[in-house]
Every structure is written in structure tokens, then in C-alpha cells.
Amino acid sequence: MLKKSRHSLAIGLAFITWSASSVAQVPVSRSLHVQTSSASTSSTATKAATPQASSPPVQAKQLRQLSLELQVGVVIDKAFPDLDNQLISRALENAAKSFQDRFGVTAPRFVVSSTMSVDRFLAKAPVESSERCRKNLQHRYRGTGLSEFSSRRDKAIQFLKRWPLKSLTVFVDAKNPEAKKNYGNLYEYLAKKYVNTVEQLKSARTSTGTPLVEPNKTARRSFAMWFCALSEQTDYDVIITNTFIMADIMTEPHPHAFMGRAKIGGIAGPNQHRKALGRSALLATTFGIDTHIDWLSELSGTPATEAERASILGDYLLAHEIAHAVFGIPDMFDHPSECLMTSRPDETYRQGLKLLQENIGACPRCRKWVKARAYLDKARAELVRDRPKTALRYLARASSRTPKHFHGGYKKRMSQISYLVSQAYQKLKRKKRAKRFAKRALQLDPKSTDAIKLWKVLTSTTGSP
Ligand SMILES: [Zn+2]
Ligand SMILES: [Zn+2]
């Protein structure tokens, strides 16, 4: 989710091994078994369980059709410089082109459907009734000091362990070599640095003279709150806003935000109501481009031209968030210069964009996420063509190729795959297997609307579960 503040959500990963077994009537497929939920970052188990060469080779083409039509909502905070339609349409054009060029898939289409105030948008977040909202807001930092962090230490360290330690220590300054030694030390450093940064944010003022953030009084500019609203609203795949959003979920201290300026540039998170991006929605904000507050500006001094604003918003922020949502590529800190997903210490948006423009092409280290998604798309297409056996081959590939460090959650992606496996077996009239994989889809992601519906259908037509 964040680039120096582009943010990325990731909720509790648990790792699952999918093992192959022979399937009499569908010889090239395999069945998938959940074997473990231990949180290891090793990919060895999955590799070992990948089906051996019984499957014919399946090629993922580089230029693929990806039919995405995304509804866009614009959310205006009156305390910050306004957003005009021309900027938005140029930024969306840039995002579409960048996404196509970097990932070798057809460009998404955007439809701007509405502009609204922050109040109206946040009213879409049913904080009281949403379990997700309650959970996130519980871990929201209230700005009272380090003691707020103490009960969140273990979860936060677990979260940081998604990345290799070495890729995180680039955010530690030279005066603190101890912080580079292990995750525990790094976490202590991160928490202290974050608390100090929030103190600075609390004393900052918007151009209308109001406080930038008041975490002890309101969640109005809280990441936990915006994440919640983005997840619960029903109308938009993409939100563009001009507001400031403070990184503040203490159990998920995204390294570049918590060791940076605690500022969110974008979000890609789950949304069970929106299908276009695979039950997710995303957001980007122009705050870092347009703010008058020097130390929060992403422009290192000189104001941006209209073209540059549109490029930062589109090529840099929106394309990055779309890649989180579509491919599940997490935020990275050590990929090469052409990587749209990498954040570097003290790099402004302007510097990051320049580096991207000088290094056209696809990031080789992001390729495995893109390939895994290609197999999933091919499987879907085969199901539409009523070719379930071929679909199962692609699904086997998708399950073994999906990296475990997956933006939005590995279990969720595995649930989507299980759901499609179940559909394939339904087409093959193999009811028991269809039911088994529907159940697995539900176990892997109990909130999945698709899995819930499928399970209901299968259990109502075949009797009790
Ligand atoms: Zn990100
Ligand atoms: Zn990369």
C-alpha cells in the first residue's frame, strides 16, 4: 500500500501447501490439500508439492487481455487544494497506459461516476456493524505515546517478518546500527520513530489553518478509517482524493510509512462488493503532490506542472495500487529501478517517477506474481468456454505459482482458486469434489461472498454438508 506512503494492505498471511494427487478422470489435474497454516516465509513446501511433469506445458502469453472497467469516485476534503476534472482524466489515462506497458496486459478503462465530500464518503463506512472496521480501529494509534504500542508488539513483528530483514533495514539511519540486527530491534526503532513523526504531524496545519491530524479526537484522517470506508462502500473500484491520510494501524506497521512520514499515498484493500478488481478497491491521494507543508511534500522544492501532477498521480500512484489489487504484488524495497512496486528511503514521488521513466520495462522480480495471475485468468477463460479439464490444469499452475507473500493475503487468493476448482468439477459432474473445494474456498476465506454463495448452492442441491 504505500510508496514512501503508497500503502498496501495485507492481512494475516497463513501459508498453505497445495499438494498434487492423481485424479483418475482428469489426469492432468490434481487435488489441493491444506496442510499447514504456520506462518513461514519459506516457499520450499509449496515448491515440493508442485505437480510433477504430468501436466502438458501451459504457456502464459505476455500480452494478455485483461478486461477491466473501473468505476471511479472523487472525494474532496475542503481543507486541501481542490482536484479538477482535467487532472483526473489525464492521471487516469496515464495510469492505464503505465499499467499496460509495465505488465503486458490490456489497459483498464475508467469511468468517473461521482464527486463527493469526505463526510459523504466516510458515511459509507458502517463502523458500528463492520467487524473489519472495529478490528482496524481498535489498533488505531491515538497519538498518546509509545505505551500504545506495547500490546501490539508481537503482531507487529510478525507483520514485519513478511519481508527479509535486510530489505527493511534500508529505512534505518546510520546512527542506529543496533536496529539493523534483528526484527525486535527494528520494531523498537520503528515505533519510536513513528511516535515522533506523529508528534510533528499533530503540530502541522492545513492551508485553512486547522490541525492536520488530531488522532486523540477523531479518526477522520486515519488510515484505519479510510481503509474501512474503502472496504465497505459499494460503488467504486477506485477512489481519488486530495486529503491527508495518516498511517496508524499499529499491528500492521508498513515499514516505509512508519519509518517514513506516516503518510499514506494510496491504498489497495479488500471490498466484497466490487468484482472488477477481484473483490478489492483502491485509492490514491494527491496530498503529497499539492501540499504546502514542506516536509510532507513529494516534490523536493519545485512545484509540479499539470503534466507532472497527472503523471505522479497516474503513472506512479494509481498504477502501483492497481498492480497490488490485480497481481497481488506486495510493496517491495529491494527490486530494481524499473520496479513500480519498490519504495526507497527518502525518495520523493518525483524522484521515484523519474527513475521509472528512465527505466522502461517490466520488473523481472515482479514477474512471478504476473505469471501466477495469467494462469488464473486463463483458467477463468477456459471455464467460460466450458473446458473444465483445461481450466483445472491452469488452476494447478496458478496454485503452485502464486507467491506466498501476496498483497491482500495468500489465503484469499487460494480461496479464489479453490472456488474455480469447485466450478470446474461441477462442470465435470463430480459433485463430491466440487463440494470439497467449495468447502475449502470457504475455510480459506470465510468472508468470501463467492465462496459463501457457492457453498449454499451446493449444499442445498445435495443435502447436508
Ligand atoms: Zn504499495
Ligand atoms: Zn518488482
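J.: Before we move on, could you go through the confidence of the model for the protein and cite the residues and values that matter?
T.: Of the residues in the protein, 85% have a pLDDT of 70 or more, and the chain-wide mean is 85. Per-element confidence in the protein is highest for strand E3 (residues 238-241), whose mean pLDDT is 98, and lowest for helix H1 (residues 44-49), whose mean pLDDT is 30. Low pLDDT (under 50) marks residues 1-61, which in the prediction has 148 contacts with non-local residues, meaning those over four places away or in another chain.

J.: Please provide a residue-by-residue account of the nonpolar core, values included.
T.: Ranked by internal contacts, the top residues of the largest apolar core, which has 128 residues, are Ala323 and Leu395. Per element, the largest residue contribution to this core is twelve residues, and it comes from helix H11 (residues 306-327). Mapping this core onto the domain boundaries places at least three of its residues in each of domain 1 (44-60 + 367-461) and domain 2 (69-366).

J.: Can you lay out the pairing of strand E5 (residues 280-285) for me, pointing to particular residues and giving the numbers?
T.: Across the six residues of E5, six count as buried, placing the element largely inside the fold. Sheet analysis places E3 next to E5, joined by four bridges and oriented parallel. Each residue of the ladder has a partner; that of threonine 241, found in E5, is threonine 285. Examined bridge by bridge, strand E4 (residues 266-270) and E5 share five bridges and lie antiparallel to one another. The residue of E5 that forms the bridge with proline 270 is serine 280.

The rules we used
Every residue gets a number counted from 1 within its own chain, in the order that chain's sequence is written. Chains carry letters from A onward and ligands carry numbers from 1 onward, assigned in written order. Per-residue local features are limited, in this predicted model, to residues with pLDDT of at least 70; the limit for side-chain atom pairs, both in listing and counting, is 80 or more; totals at the level of whole chains, interfaces and linings are taken over all residues. Residue-level confidence of the predictor is what pLDDT reports, using numbers from 0 through 100. A run of DSSP states H or I qualifies as a helix once it reaches four residues; a run of E qualifies as a strand once it reaches two. Both are numbered from the N-terminal end. We call two residues in contact if the C-beta atoms placed from their backbones are at most 7 Å apart. For our purposes the nonpolar core covers buried Ala, Val, Leu, Ile, Met, Phe, Trp, Tyr and Cys residues that link as a set through C-beta atoms within 7 Å. With C-beta atoms placed from the backbone, a residue counts as buried when 20 or more other C-beta atoms lie within 10 Å of its own, as exposed when 12 or fewer do, and as partly exposed for counts between those limits. Domain limits in this description derive from either an automatic procedure or a database domain assignment. Strands were regarded as paired on the criterion that DSSP finds at least two bridges between them.

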